[in-house]
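# Commentary on secondary and tertiary structure
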Amino acid sequence: HPALVSGREVLDLATGDGLVAVAAALAAAPPVTASDVDPYSLAAASANAIANAVRVETLEADILDTDPPASVILAGDVFYSREMAARVLPFLRRAAGRGCLVLVGDPGRAYLPSGLIKQAAYSVPVIESLESVDVRETTVWQVSSR
């Protein structure tokens, strides 16, 4: 849904390889920031942006105690542990409370909080030796301020 990000400042939280940041940049979201605490993730995100001929800024920092100035926050697979869920959910809810569109992709992790609004679901082919299945059901959730 390119219209969700087109012309809006986007933050890809916990970017990993930058897939979501690149997709947002391809949808004409200026600027797009890929944020992660892992410098290797940010190197991959930069390489993927170059390979796709888009501009993505990178930010190596733990920003969960801040209020970033993005109007759209995208996060993928951030509820993988109790500790991470406890840290990231307040950040996402604060952003939603400020009027940000906050979308989270989740492949069915155990610590997905309640109260999220289902926006879409997809069947994603995965590597069975890594995921124990050959297709993983993944859902896109919208985070509200409460």
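### Observations regarding the pairing of strand 7 (residues 135-142)
Direction of pairing for strand 5 (residues 101-106) relative to strand 7: antiparallel, over a ladder of 4 bridges. The residue of strand 7 that forms the bridge with Gly 105 is Val 140. Note: strand 6 (residues 117-125) against strand 7, 8 bridges, orientation antiparallel. From the neighbouring strand, Lys 118 faces strand 7, where its bridge partner is Trp 141.

### A word on the pairing of strand 1 (residues 10-13)
Of the two faces of strand 1, the one lined by Val 10 and Asp 12 and the one lined by Leu 11 and Leu 13 are each fully buried. Strand direction decides the pairing type here: strand 1 and strand 2 (residues 32-36), joined by 4 bridges, are parallel. In the strand pairing of strand 2, Asp 12 is matched with Ala 34. Two elements, strand 1 and strand 4 (residues 72-76), share 4 bridges in a ladder whose sense is parallel. Within the sheet, the bridge partner assigned to Asp 12 lies in strand 4 and is Leu 74.

### Digging into unusual backbone geometry
With an omega dihedral of -15°, the bond running from Pro 30 to Pro 31 counts as a cis peptide bond. Within the secondary structure layout, Pro 31 lies in the loop between helix 1 (19-26) and strand 2. Although it is not a glycine, Ala 28 sits at a positive phi angle of roughly 70°. Locating Ala 28 in the fold gives a position in the loop between helix 1 and strand 2. The phi dihedral of Asp 77 falls on the positive side, at around 55°, and the residue is not glycine.

### A closer look at the sheet that holds strand 1
On the basis of which strands lie adjacent, the open sheet formed by 7 strands has the order 3-2-1-4-5-7-6 and mixed pairing. Only two strands of the sheet have a single partner each, and these edge strands are strand 3 (57-60) and strand 6. Between one strand axis and the next, the sheet turns by 20° as a mean value, whatever way the strands run. Of the strand pairs in this sheet, strand 4 and strand 5 are connected by 5 bridges, and their pairing is parallel. If you follow Ile 73 over to strand 5, its bridge partner there is Val 102. Along the sheet, helix 1 contacts strand 1, strand 2 and strand 4; its crossing angle with strand 2, the most-contacted strand, is approximately 175°.

### Some remarks on the pattern of salt bridges
Inspection of the entire model under this criterion finds 7 salt bridges. Here Asp 77 makes a salt bridge to Arg 109, at a shortest N to O gap of 2.8 Å. Of the two residues, Asp 77 is situated in the loop between strand 4 and helix 3 (82-97) and Arg 109 in the loop between strand 5 and strand 6; the sequence distance between them amounts to 32 residues. A salt bridge links Arg 136 to Glu 131; the shortest N-O distance between them is 2.9 Å. Members of the salt-bridge network, linked through shared partners, are Asp 62, Asp 65 and Arg 87.

### Points about the side chain of Thr 15
Among the secondary structure elements, Thr 15 is positioned in the loop between strand 1 and helix 1. Side chain to side chain, Thr 15 and Asp 12 meet in a polar contact 2.6 Å long. Setting aside anything within four residues of it in sequence, one finds Thr 15 in contact with Ala 21, Ala 34, Ser 35, Asp 36, Leu 42 and Ala 45.

The rules behind these values
- Residues numbered from 1 in each chain as written.
- Predicted model: local features only at pLDDT ≥ 70, side-chain atom pairs only at ≥ 80, totals over all residues.
- Heavy atoms only, no water.
- Pairing = 2+ DSSP bridges.
- Helix = DSSP H or I, 4+ residues; strand = E, 2+ residues; numbered from the N terminus.
- Buried < 20%, exposed > 50% of the residue type's maximum accessible area, 1.4 Å probe, protein only.
- Axes fitted to C-alpha atoms, helices over the stretch in contact; angles between N-to-C directions.
- Contact = heavy atoms within 4.5 Å.
- Salt bridge = Lys/Arg side-chain N within 4 Å of Asp/Glu carboxyl O.
- Polar contact = N/O pair within 3.5 Å; in protein donor to acceptor, adjacent residues only side chain to side chain.

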